[in-house]
Amino acid sequence: MRCTERAYAKINLTLDVGAKRADGYHEITSVMQRISLWDTVTVERGTGRDTLRCSVPVTEDVNDNLCMKALRVFFAETAMESGGVSITLEKHIPTQAGLGGGSSDAAAVLLALRTLYAPRMTDMRLERLAEKLGSDVPFFIRGGTQLAIGRGEIVTPLPPLTAGWFVVVKPEESYSTAEMYRRLDACGGMTAEDSRMEDAVAGNNVHAIAAELRNSFERAVPEDSCLWDIKAALRAQGALGTLLSGSGSAVFGVFDDRKEAAAAAMTLRRTWPQVFLTQPV
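A brief structural summary. Just so we're clear, the structure is a prediction, and the values are computed from it rather than from any experiment. (Residues numbered from 1 in each chain as written. Predicted model: local features only at pLDDT ≥ 70, side-chain atom pairs only at ≥ 80, totals over all residues. Heavy atoms only, no water.)

Now for the side chain of Ser225. Among the secondary structure elements, Ser225 is positioned in the loop between β8 (214-215) and α8 (227-236). In terms of polar contacts, Ser225 uses its side chain to reach the backbone amide nitrogen of Leu227, at 3.0 Å. Discounting residues that sit within four places of it in the chain, Ser225 has contacts with Glu173 and Tyr175. (Helix = DSSP H or I, 4+ residues; strand = E, 2+ residues; numbered from the N terminus. Polar contact = N/O pair within 3.5 Å; in protein donor to acceptor, adjacent residues only side chain to side chain. Contact = heavy atoms within 4.5 Å.)

Dropping the structure here:
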């Protein structure tokens, strides 16, 4: 038996980073949106041994991959015998982009394992397993449009966003999440401002969404980074607003018209090859 899942990417429409907590994590508040860029994860049971095949290796040691960690967590927590599981991962989401590709892949493995081994497992229990793998993983169990708080693991559904288009640009430049947090800590004075993003999303108002975009991590982006050039290029091509996603280094622009977004993506690909035309899903 096998099960195939799409592991969708996400963008952060808002991301407010607060002070560091006693457990070493930071308090965050983020409106997260799943988008139509995805990896494909196929899980097959009863293969005799656990294996992972990935179209683009993303870790030096296969056992460090979040997909394998998800496999281990699932069977440790359910006390089931796997009989051997084969995972095939077809990557399309760029790594070190702030798009949640690794977390989404792990969530897809959990969802597939539930289908194959424990179809009566509730979403709530699956999300508790997801928390053990990373702060973003519970979001991907639900997908859609969610408000994330805590260290990102506490998610509350928002009205689904259906309007707008997002042009996502991933430059060659990449950032370490840990380093971005260190830079942000060094900036000091991290305070959340009032946000109307939830109202903008609920109203499917693309112009209001663009006006409410914000991400604390933009304060930690170096002045000589190409990200500022990408944001300027997106605006020049008609983006209503632009923002870094997560801790980067992907940047997205918000458009209300598909043709304009597609034309912008085509133009930007002349400079940055990894450009994706996406929509909320």
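A word on the packing of helix α2 (residues 101-117) against helix α3 (residues 123-131). Here α2 crosses α3 at 135°, and the two axes come no closer than 10 Å. What the angle tells us is that α2 and α3 run oblique. Helix-helix and strand crossings are classified by hand; for α2 and α3 the assignment is right-handed. Here Leu110, Leu111 and Arg114 of α2 come into contact with α3, specifically with Asp123, Leu126, Leu129 and Ala130. When grouped by side-chain class, the residues that make up the contact of α2 with α3 number five nonpolar, no polar and two charged. (Axes fitted to C-alpha atoms, helices over the stretch in contact; angles between N-to-C directions. Parallel < 35°, antiparallel > 145°, perpendicular 65-115°, else oblique. Left-handed = near helix turned anticlockwise from the far one by under 90°. Nonpolar A, V, L, I, M, F, W, Y, C, P; charged D, E, K, R; others polar.)

It is worth spelling out the sheet that holds strand β11 (residues 275-278) at this point. Reading across the sheet, the four strands line up as β9-β10-β7-β11 and stay open at both edges, with antiparallel pairing between neighbours. Looking at strand neighbours, the two that pair on one side only are β9 (241-244) and β11, the edges of this open sheet. Mean inter-strand twist for the sheet, computed between neighbouring axes without regard to direction, equals 20°. Sheet analysis places strand β7 (residues 165-169) next to β11, joined by four bridges and oriented antiparallel. Within β11, the residue paired with Phe166 across the bridge is Thr278. (Pairing = 2+ DSSP bridges.)

Assignment of secondary structure puts Ala19 in strand β1 (residues 2-20). When the C-alpha positions of Ala19 and Gly188 are compared, they lie 9.0 Å apart, and in sequence the two are 169 residues distant. Setting aside its immediate chain neighbours within four residues, Ala19 contacts Tyr25, His26 and Glu27.

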